[in-house]
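Each chain is listed here by its residues.
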Amino acid sequence: MRRQPRRDLMAGFTVAIVALPLALGFGISSGLGAEAGLATAVVAGVLAAVFGGSNLQVSGPTGAMTVVLVPIVHKYGANGVLTVGFLAGLLLIGLALVRAGRYMAYIPAPVVEGFTLGIAGIIALQQVPAALGVPVPEGDNTAVVAWRTVRDFASGPHGAAPVLAVSVAVVMLLGARRRPTVPFSLLAVAAATVSAQVAHLDVARIGELPAGLPAPDFGFVDASALSSLLAPAVAVAALAALESLLSATVADGMTVNQKHDPDRELFGQGIANLATPLFGGVPATAAIARTAVNVRSGAGSRLAAITHAVVLAGVVFAAAPLVERIPLAALAGVLLATAIRMVEVGSVRAMARATRSDAVILVATAAATLALDLVKAVILGLLVAGALALRAVAKDARLENVPLHDDLSEDHSAEEHALLAEHIVAYRIDGPLFFAAAHRFLLELSDVADVQVVILRMSRVSTIDASGALVLGDAVDRLEARGIAVYVSGIRPDHHRTLDALGVVDHLRTAGRVFATTPEAIADARRHLHDAGILPVGAGHDTTAEDGAGITAEIGRWERAR
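Residues numbered from 1 in each chain as written. Predicted model: local features only at pLDDT ≥ 70, side-chain atom pairs only at ≥ 80, totals over all residues. Heavy atoms only, no water.

Digging into the overall build of the chain
Then comes step 1: Secondary structure assignment for the chain yields 24 helices and eight strands.
Then comes step 2: Looking at the chain residue by residue over its 562 residues, the buried ones come to 50%.
Then comes step 3: Of all intrachain contacts in the chain linking residues separated by at least 6 positions in sequence, the fraction that spans at least 24 positions is 83%.
Then comes step 4: As displayed, the chain has an accessible area near 25,800 Å², and 62% of this comes from carbon and sulfur atoms. (Helix = DSSP H or I, 4+ residues; strand = E, 2+ residues; numbered from the N terminus. Buried < 20%, exposed > 50% of the residue type's maximum accessible area, 1.4 Å probe, protein only. Contact = heavy atoms within 4.5 Å. Areas by Shrake-Rupley, 256 points an atom, 1.4 Å probe, with all protein chains shown as cover.)

Right under this line is the structure:
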């Protein structure tokens, strides 16, 4: 923090200017009021910066968390939200202690992109009542509430609130394109506040509690109600972990020499969420937008995030009367612009065009985010991604008929080559032999034409599970039921455990039909065909002594060639 204090202080001041209207807006959207948003930005901003695992992270109330909190407010009230935040803090500390942060790397990019897209849609829909100046209708579903708001507005339209909201959003979007370093959000909100005061516009302001929301008394719920809040607390903790680690990853990508500690970041967010409810704040998480502003402003240490929180604390104590006059419609415009800027059209388009699977995952996650809660949306996205990944991996598993001449020595006559190829068929199994590919493998192997010997070459099997092993055993049984002798070659050492545990190749091993190499299997299969009278005596090396010498020579030549 002593390296570049001036740059960090300036970066923190810049982030505070950007964060002020967002903290107010997200506090109001959560249902606990603007003061809750500011308390969250101050308390969580300091504690997460001190105890977290990123030098550049900025924490506070976020739109994604607001989406989760709205149903909790409606069902349990303000005290339920404070209790959920405290429980989520304990869960986050638990995740840090078990070192769960490393698993963040396994979340696919289309899931993250769809998740962000869905959140942006919900944040925009949540602003419709304030943007239109209409009391929030009853309902839990954001889309339904937005539709009812539009219907109520259409029955008695008035233009003051929509004009303020649209004006603020347009100024922010256009200004960010031309002058990214200028805090247009604060300038637009200030201009809207002055305009509303001068023109005496009839619009709701921050100091007036939105219609339909009871005044919170800021406390915790009774112990008897804790069990009903565990599920919401898990959802809040999961979202806080997800968004914080995503934000830290984004911050690392914007710099050269910064790398966050994921488990320490979870611990810092846990500490922040333990303390924030004690000050009447909502659950907090790292904010990607504010973190990006922090990095672009030249921040290099935690001093910037701490400065941002201190500046906001000064606003709480020194400028509260001015903040109370800000129109709700102006903050709705800020959040509408924020929702629009969350969607990177180029990134979404590229992801949708990458592969059909990526497009399906993105759309499914975004739709689930809009229709369900955020944690369920991420889980659904992961399930879809996992299913499609398994499908792709299963397609890589192949059963390929390979010619014998690659494994036969050159001293065999052309006649014996032809006879062996007529009675022996070799199949090479490539890729994973597991539950997703096992059924197709069984169908393909069951279609083997009528031959005397089938050699299964398993040196290229990358992995095998219990399902794959059982299907392999079933295929061997079916072939042997048709009178076909089955040989197995090239089983990798790490696959013996699975096959031996299920007894798949025990009878083949007892019969002497399991070999380390394919030439050994072919030599023994040839002897089997001689003994059965299928290959005529004299076709190649048919005596026992010659067979033994031939096998040894073949193995030596094969090893040298390999």
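Overview of the nonpolar core
Then comes step 1: Counting residues in hydrophobic clusters, the biggest one holds 81 residues, and the most contacted among them are Leu24, Leu32 and Val236.
Then comes step 2: Per-element tally for this core: the top contributor is helix α3 (residues 63-97), with 15 residues.
Then comes step 3: When near neighbours in sequence (up to four residues on either side) are disregarded, Val236 contacts Met65, Val68, Leu69, Ile72, Val84, Ala88 and Pro283.
Then comes step 4: Core analysis: the second largest hydrophobic core is formed by 28 residues, Tyr427, Met458, Val471 and Leu479 among them. (Core = buried A, V, L, I, M, F, W, Y, C linked by side-chain atoms within 4.5 Å.)

Focus: helix α14 (residues 328-342)
Then comes step 1: In a regular helix each residue adds 1.5 Å, so 15 residues correspond to 21 Å; α14 covers 21 Å between its end C-alpha atoms and thus fits that length.
Then comes step 2: Here α14 lies mainly inside the structure; eleven of its 15 residues are buried.
Then comes step 3: Taken together, the buried positions of α14 are Leu328, Ala329, Ala330, Leu331, Ala332, Gly333, Val334, Leu335, Ala337, Thr338 and Ala339.
Then comes step 4: Of the surrounding secondary structure, the elements contacted by the buried residues of α14 are α1 (5-30), α4 (109-126), α5 (128-132), α7 (160-178) and α8 (184-199). (Expected span 1.5 Å × (residues − 1).)

Concerning the pairing of strand β5 (residues 453-457)
Then comes step 1: Of all five residues in β5, five are buried, a share of seventy percent or more.
Then comes step 2: On β5, burial covers both faces: Val453, Ile455 and Arg457 on one face and Val454 and Leu456 on the other are all buried.
Then comes step 3: As paired elements, strand β4 (residues 424-433) and β5 share five bridges and run parallel to each other. Residue pairing in the sheet places Ala426 in a bridge with Ile455 of β5. (Pairing = 2+ DSSP bridges.)

Regarding the packing of aromatic side chains
Aromatic ring pairs are defined here through the distance separating the ring centres and the angle between the ring planes.
Then comes step 1: Inspection of the entire model under this criterion finds one aromatic pair.
Then comes step 2: Pairing Tyr487 with Phe515 gives two aromatic rings, centres 6.1 Å apart and planes at 20°, and the pair type is stacked. With Tyr487 in strand β7 (residues 485-489) and Phe515 in strand β8 (residues 514-515), this residue pair connects regions lying 28 residues apart in the sequence.
Then comes step 3: Overall, Tyr487 belongs to the buried group, its relative accessible area being 2%. (Phe/Tyr/Trp six-rings, centres within 6.5 Å; stacked < 30°, edge-to-face > 60°.)

Some words on the environment of Ala130
Then comes step 1: Along the chain, Ala130 turns up in helix α5.
Then comes step 2: Distance in space between the C-alpha atoms of Ala130 and Ala330 is 8.6 Å, their sequence separation being 200 residues.
Then comes step 3: Apart from the residues lying within four places of it in its own chain, the contact partners of Ala130 are Ala161, Leu328, Ala329 and Ala332.

Section: the packing of α1 against α8
Then comes step 1: In the contact formed by α1 and α8, the axes pass within 8 Å of each other and the chain directions differ by 50°. One finds that α1 runs oblique with respect to α8. Helix-helix and strand crossings are classified by hand; for α1 and α8 the assignment is left-handed. Residue-level inspection shows Ile17, Val18, Leu20 and Pro21 of α1 in contact with α8, the latter providing Ser185, Leu186 and Val189. (Axes fitted to C-alpha atoms, helices over the stretch in contact; angles between N-to-C directions. Parallel < 35°, antiparallel > 145°, perpendicular 65-115°, else oblique. Left-handed = near helix turned anticlockwise from the far one by under 90°.)

So, a nonpolar patch on the surface
Then comes step 1: Taken together, the side chains of Val166, Val170 and Leu174 make up a nonpolar region of the molecular surface, amounting to roughly 250 Å² of accessible area.
Then comes step 2: Tracing the backbone shows Val166 in helix α7. (Patch = residues over 30% accessible without salt bridge, like charges linked within 9 Å, V, L, I, M, F, W, Y side chains within 5 Å. Salt bridge = Lys/Arg side-chain N within 4 Å of Asp/Glu carboxyl O.)

Topic: the pairing of β7
Then comes step 1: With five of its five residues buried, β7 lies for the most part within the structure.
Then comes step 2: Side chains Ala485, Tyr487 and Ser489 project from β7 onto one buried face, and the interleaved Val486 and Val488 project onto a second face that is buried too.
Then comes step 3: As paired strands, β5 and β7 are joined by five bridges and run parallel to one another. By the bridge assignment, Arg457 is partnered in β7 with Ser489.
Then comes step 4: In this structure, β7 lies alongside β8, joined through two bridges in parallel fashion. Among the inter-strand pairings, Ser489 is bridged to a residue of β8, identified as Phe515.

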